[in-house]
Amino acid sequence: MSTKRRAPAVRWLSPDEERAWRAFLRVVVAVQRGTARDLGTVGLSEPDYEVLSTLSERPDHTSTLGEQADKMGWSRSRLSRHAMRMEARGLLRRAPDPADGRGCLLVLTEQGLDALDNAAPVHVESVRHHFVDRLTADDLAAIERIARRLEGP
């Protein structure tokens, strides 16, 4: 007699579910491609913009690397490498985290704030062009409802 457990039966997607899933993926890719292209015209990537905009909203324009990595859904090592590249460009500086000897703080620089100020109008116009202006108020409300259902565990 075998002691191996049987894998649970796979719940394959119905044709309607698969079409919806693929449509969702196409939309995410199309919107991200458009906004990334538009941000590229001002010399920033989407992750650059995310880091800069988050830091601009924080007290003292500072965040821990761990908090920022969690917000972006990135590993700390991935964000650390990205932050090194941003630091080399003068957009932020890294500082030791006094609360965590192994961690670091990300601090927005004046150059980073200037880059964000330059990029924000481009980003907002891009979000409008590739997303908001293509939808009705009901569509936007539906997306918010859907997002709330899909957030978190």
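These numbers come from a predicted model, not from an experiment.

## Here we look at the overall build of the chain
Part 1: Helix and strand content of the chain: six helices and three strands.
Part 2: Counted from the first residue to the last, the chain has its helices and strands arranged as α-α-β-α-α-β-β-α-α.
Part 3: In the chain, which comprises 153 residues, the proportion classed as buried is 29%.
Part 4: For the chain, the proportion of contacts with a sequence separation of at least 24, taken over those separated by at least 6, is 50%.
Part 5: Carbon and sulfur atoms make up 54% of the accessible area of the chain, which totals about 11,200 Å².
Part 6: When the 24 basic and 23 acidic side-chain charges of the chain are each reduced to a single mean position, those positions are 11 Å apart.

## Topic: the confidence of the model for the chain
The predicted coordinates should not be examined in detail at positions where pLDDT is low.
Part 1: Looking at the chain as a whole, the pLDDT averages 94, with 96% of positions reaching at least 70.
Part 2: Averaged pLDDT values over the elements of the chain bottom out at 90 in strand S3 (residues 100–108) and peak at 98 in helix H5 (residues 110–130).

## Let's talk about unusual backbone geometry
Part 1: The phi dihedral of aspartate 60 is positive, around 60°, even though this residue is not glycine.
Part 2: Here aspartate 60 is to be found in the loop between helix H2 (46–57) and strand S1 (62–64).
Part 3: On the basis of relative accessible area, aspartate 60 is assigned to the exposed category, the value being 71%.
Part 4: With a phi close to 55°, histidine 61 is a non-glycine residue in the positive phi region.
Part 5: Examined against the element boundaries, histidine 61 turns out to sit in the loop between H2 and S1.
Part 6: Classification of histidine 61 as partly exposed rests on a relative accessible area of 27%.

## Brief notes about the sheet that holds S3
Part 1: The strand order across the open sheet built from three strands is S1-S3-S2, with neighbouring strands paired in antiparallel fashion. Edge positions in the sheet fall to S1 and strand S2 (92–97), since each of these pairs with one other strand and no more. The average angle at which neighbouring strand axes cross in this sheet is 30°, direction not considered.
Part 2: By the bridge criterion, three bridges tie S1 to S3 in an arrangement that is antiparallel. When the bridges of S3 are listed, threonine 62 appears paired with valine 107.
Part 3: The strands touched by H2 are S1, S2 and S3; relative to S3, the strand with the most contacts, the crossing angle is about 90°.

## Regarding H5
Part 1: Taking 1.5 Å as the rise per residue, H5 with 21 residues should run 30 Å; its terminal C-alpha atoms sit 30 Å apart, in good agreement.
Part 2: Along H5, the largest kink reaches about 35° and is centred on alanine 119; proline proline 121 follows within four residues of it.
Part 3: Here H5 has its buried residues at Gly112, Leu113, Ala115, Leu116, Ala119, His123, Ser126 and His130.
Part 4: Of the surrounding elements, those touching the buried residues of H5 are helix H1 (15–40), H2 and S3.

Definitions and limits used
- Residues numbered from 1 in each chain as written.
- Predicted model: local features only at pLDDT ≥ 70, side-chain atom pairs only at ≥ 80, totals over all residues.
- Heavy atoms only, no water.
- Helix = DSSP H or I, 4+ residues; strand = E, 2+ residues; numbered from the N terminus.
- Buried < 20%, exposed > 50% of the residue type's maximum accessible area, 1.4 Å probe, protein only.
- Contact = heavy atoms within 4.5 Å.
- Areas by Shrake-Rupley, 256 points an atom, 1.4 Å probe, with all protein chains shown as cover.
- Lys, Arg positive; Asp, Glu negative; His and termini not counted.
- Charge placed at Lys NZ, Arg CZ, Asp CG, Glu CD.
- pLDDT = per-residue confidence, 0-100.
- Pairing = 2+ DSSP bridges.
- Axes fitted to C-alpha atoms, helices over the stretch in contact; angles between N-to-C directions.
- Expected span 1.5 Å × (residues − 1).
- Bend = angle between axes of the 7 residues up to and from the residue.

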